[in-house]
Amino acid sequence: LKIRFATSIRAVDVNEDLIKGFSRAGCKEIFIGVEAGSDRIRNQVIKKNATEEKLKEAVKLCRKYGIQSNFYLMLGFPSETWKDIEETMKIGIRTKVDFIGVHITQIIPGSELYNVALKEGKISGDTLDLYIQGKLGADFFDVFPKYIPDGLSMDDLKKARTLAYRKFFLNFGWVSRRILSYFRHPERFYRDISVFKMGVH
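Applying the stated criterion across every chain yields a total of 10 aromatic pairs. A centroid spacing of 6.4 Å and a plane angle of 70° characterise the contact between F5 and F22, whose relative ring orientation is edge-to-face. Of this pair, F5 sits in strand β1 (residues 5–9) while F22 sits in helix α1 (residues 16–25), placing them 17 residues apart in sequence. Ring geometry for F168 versus W174: centroids 5.9 Å apart, planes at 50°, classification tilted. Of the two residues, F168 and W174, neither departs from the other in class, the shared state being buried. One residue, K122, lies across the ring of Y147, its end atom 5.2 Å from the ring centre.

Here it is, written out as structure tokens:
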């Protein structure tokens, strides 16, 4: 079938045979849940078990087979410090991934983080009831409370998210790679233009 699709994958599951197979099947974009640039947070706190070398390998394989690589990144984990957050800001540049998406961690009922936040007193015992009743937010991104590490504030996390995007997309290496990619994948140019238009409106 001549189809195009995108998919998500764990970094630890990436290997050349898999990426090659995805490419032959029509995959044009892969989203990888990296979450944190800090090795301590990524592997000790949230147990992703993915080294930075593995992340670089995933990006290289995607590029080799014409698949756009994307990192999901998150800010706000237990014990996370500003130094850890700075590592998250830099991980996209160090690995040369094609795109990043940066989000503030949500405390989702049923997750391990929910139990941690409850124990730490960051949420109350009725949070789950409020979620079920639809009283926690007006849209999907506001439904769940955000996890704010000790010593940081929501403003810190929002500032970090803005800085992460700025550092990544204004990096000369990213800009030059992106322009060169248009010659092999012209459809990316038109997509980037549409994304830019959405961003300025």
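Now that the structure has been shown, we can carry on.
Our focus in this paragraph is the packing of helix α3 (residues 52–64) against helix α4 (residues 82–95). In the contact formed by α3 and α4, the axes pass within 9 Å of each other and the chain directions differ by 50°. With respect to α4, the axis of α3 lies oblique. Relative to α4, α3 is oriented so that their crossing is right-handed. Here E52, L55, K56 and V59 of α3 lie close against α4, whose contacting residues are I91, R94 and T95. A per-class count over the contact of α3 with α4 returns 3 nonpolar, 1 polar and 3 charged.

Let's shift gears to the pattern of salt bridges. Summed over all chains, the structure comprises 13 salt bridges. One salt bridge connects E16 with K64, and the closest N-O pair in it is separated by 2.6 Å. Of this pair, E16 sits in helix α1 while K64 sits in helix α3, and the two are 48 residues apart along the sequence. Salt bridges here are not isolated pairs; linked through shared partners, they connect E52, E53, K56, E87 and R94.

Rules and cut-offs
- Every chain's residues receive numbers from 1 upward, in the order its sequence appears when written.
- At least 70 in pLDDT is required for a residue's local features to be given in this predicted model, at least 80 for side-chain atom pairs to be given and counted, and no such filter applies to totals for whole chains, interfaces and linings, which use all residues.
- As a rule here, side-chain values come from all non-hydrogen atoms in the structure, and water together with hydrogens is ignored.
- Any two rings among Phe, Tyr and Trp, with Trp reduced to its six-membered ring, count as a pair given centres within 6.5 Å; such a pair is stacked if its planes are under 30 degrees apart, edge-to-face if over 60, and tilted if neither.
- The numbering of helices and of strands both runs from the N terminus, where a helix is a DSSP run of H or I of at least 4 residues and a strand a run of E of at least 2.
- The rule is simple: take the accessible area with a 1.4 Å probe, protein chains only, and divide by the maximum for that residue type; under 20% is buried, over 50% is exposed, in between is partly exposed.
- For a lysine, the NZ atom is tested; for an arginine, the CZ atom; a charge sits over a ring if that atom is within 6 Å of the ring centre and within 35 degrees of the ring normal.
- For helices, the fitted line uses only the C-alpha atoms of the stretch in contact; every axis is such a line through C-alpha atoms, and the angle between N-to-C directions lies from 0 to 180 degrees.
- The labels follow the angle: roughly parallel below 35 degrees, roughly antiparallel above 145, roughly perpendicular from 65 to 115, and oblique for the rest.
- The hand of a helix crossing depends on one turn: near helix anticlockwise from the far one by less than a right angle means left-handed, and clockwise means right-handed.
- The contact criterion used is simple: two residues touch if any of their non-hydrogen atoms lie within 4.5 Å.
- When residues are grouped by polarity, Ala, Val, Leu, Ile, Met, Phe, Trp, Tyr, Cys and Pro land in nonpolar, Asp, Glu, Lys and Arg in charged, and all others, Gly among them, in polar.
- Only one rule defines a salt bridge in this text: a Lys or Arg side-chain nitrogen within 4 Å of an Asp or Glu carboxyl oxygen.

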